[in-house]
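Close look at the chain arrangement
Below, each chain spelled out in residue letters.
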Amino acid sequence: MALRLLELKLAAADADLLAELLDDAQVHDVSYLPVEEGHRLVRILIDAHDTEAVLDRVTARFGSRESFRLVLLPVEATLPAPVQPELPPASATPGVEKEPVRVGFKRISREELYEDIFEASKLTGTYALMVAVSTIVAAVGLLRGDTAVVIGAMVIAPLLGPNISLAVAATLGDARLAVSSLKAIAAGVSIAALLSLFAGMVVDVHPGMPELLMRTQPRFGDILLALASGTAGALAFTSAVPGVVVGVMVAVALLPPLVVAGLFAGSGYLQLAVGALILAATNVTCINLAAVATFFLQGVRPRVWWETKRARRATRIAGGVWIAMLLLLAGLMGLVRPVP
C-alpha cells in the first residue's frame, strides 16, 4: 500500500475546519502540532491514490490564506502498519465542494506526477551524454549482432522521460512542459542520428545483417509493440513504480531503428535507411498516442475548470495529430518492399 504524508501549515481556526474535508478519504492518522502563535502544523498520513482529491479540496478551501503552506512527502514505511478503514458516507456539509475519491484507476497525485515528469523532460548535459553513450553501445551491438549488448544500450538510454512528459503536456494543456519535452526529444534524436550516421560512414555496414535488416521492414505488429510501450511508460509514472524495465521497453522501440537508419544512410543504403526511419517515427507516434490515452483514462486533469477546458482541447488536438501521423505511417509501411 503506497502512503503519503501531507504537512500543512494552517491558522488554528482553519485547522479546526480540516476534518470535514477528510471524512471520505483513506486517512490513517492526523496530528496537530503548534508551530507559532495562532498556527498549527497538521500531519496527515493518507493513501497515495487519495492524495490528489484531498490536495484539491484543501487548496480550494485554504489556498488563498497568507499562512497556507502544504508539503507532500513519500512514506517508505510506518509502524504499526495501517489498516484499510471502511469509507463513511460523504459529508453533506453546505458550501464544501468535494471531488470524489477515485475508485477505479489508482495513481499518484497530479502534483507528484508533474514534478517527476518535469524533471524527466529537461534537456541536460547528463541526458545528452547518456543518449550519446547509449547510441554508441547500440551501434556496436547491432553491428556485432549481439542482442545482449543492444539491450545493455537500452538500459542506459534516457528516452522514456521526454516522450511521456510530452503526453502529460498534451493531457494538461501545459505549453511549457511541451516545449521542454520537444527540446529533449529533438536533441536526443539528433544526437543518435548524427552519431550513427558518422558510424555508418567509417564502419563497414553489411546490409544483410539480421539485427539491422529486421528493423528496416516495419510491420503492423510493431505498432502494437509501441502502443504497449507507451501505455506501460505512462502507468510506470502514475503508479510511482521503478521505470527502469519500462524504460528499456521504450528504448528498444525507439533507439535501435534510429541507429539502424543512421548506419544505413551513412553507408549509402538509402532505401533501407528509409524503412528504419519509418519504424522509428511510427514508434514515437504510437508511444505518445498510447500515453495520452492512458493519462486521459486515468483522470489526469488540471485542478481548476478553466484549465481543464484548455487541457481537453489540447488533448483532442494532440490525439488527432498522432492518429493522423499513425495513419500516414501505416500507409508508408505498406510501401516498404521487403529485402530479398
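Refer to the structure printed above.
Positions within a chain are numbered from 1, following the residues in the order the chain's sequence is written. Per-residue local features are limited, in this predicted model, to residues with pLDDT of at least 70; the limit for side-chain atom pairs, both in listing and counting, is 80 or more; totals at the level of whole chains, interfaces and linings are taken over all residues. Heavy atoms from the whole structure form the basis of all side-chain values; hydrogens and water molecules are not counted.

A separate point is the nonpolar core. Across soluble globular proteins, you tend to see nonpolar side chains buried next to one another. For the purposes of this section, nonpolar cores are sets of buried Ala, Val, Leu, Ile, Met, Phe, Trp, Tyr and Cys residues that join through side-chain atoms within 4.5 Å. Note on classification: 1.4 Å probe, protein chains only; a residue is buried when its accessible area is under 20% of the maximum for its type, exposed when over 50%, partly exposed between these limits. In this structure, Leu212, Leu255 and Phe295 are the most contacted members of the largest nonpolar core, which totals 65 residues. In this analysis, two residues are considered to be in contact whenever any of their non-hydrogen atoms come within 4.5 Å of each other. Excluding residues that lie within four positions of it along the chain, Leu255 makes contacts with Ser134, Thr135, Ala138, Met154, Ala157, Leu159 and Ala192. Of all hydrophobic cores here, the second largest spans 16 residues; its members include Leu8, Leu10, Leu18 and Leu21.

Next up on the list: the pattern of salt bridges. The working definition used for a salt bridge is a side-chain nitrogen of Lys or Arg within 4 Å of a carboxyl oxygen of Asp or Glu. Using the criterion set out here, one finds 8 salt bridges in the structure. With its nearest N and O atoms 3.3 Å apart, the salt bridge here joins Arg110 to Glu52. On the criterion of sequence distance, the pair formed by Arg110 in helix α3 (residues 110–121) and Glu52 in helix α2 (residues 51–62) is long-range, its members being 58 residues apart. Note that Glu211 and Arg215 form a salt bridge whose closest N and O atoms lie 3.0 Å from each other. The same class applies to Glu211 as to Arg215, namely buried. The helix count covers DSSP runs of H or I at least four residues long, the strand count covers runs of E at least two residues long, and both are numbered beginning at the N terminus.

If you trace the backbone, Ser165 turns up in helix α6 (residues 160–172). Here Ser165 falls in the buried class, since its relative accessible area comes to 0%. Within polar-contact distance, the side chain of Ser165 engages the backbone oxygen of Pro162 at 2.8 Å. In contact with Ser165, other than residues within four places in its own chain, are Ile117, Ser121, Leu177 and Ser181. Throughout this description, a polar contact denotes any pair of N or O atoms lying within 3.5 Å of each other; where both atoms belong to protein, one of them has to be capable of donating a hydrogen while the other can accept it, and for residues adjacent in sequence the pair is counted only when both atoms sit in side chains.

Here we take up the sheet that holds strand β4 (residues 69–75). For two strands to be treated as a pair, DSSP must find at least two bridges joining them. In space, the 4 strands of this open sheet follow the order β2-β3-β1-β4, with antiparallel pairing throughout. Sheet topology places β2 (27–36) and β4 at the edges, where each strand pairs with a single neighbour. Within this sheet the neighbouring strands show an average axis-to-axis angle of 20 degrees, counted without direction. Angular values range over 0 to 180 degrees, each being the angle between N-to-C directions of two axes fitted as lines to C-alpha atoms, with helices fitted over their stretch in contact.

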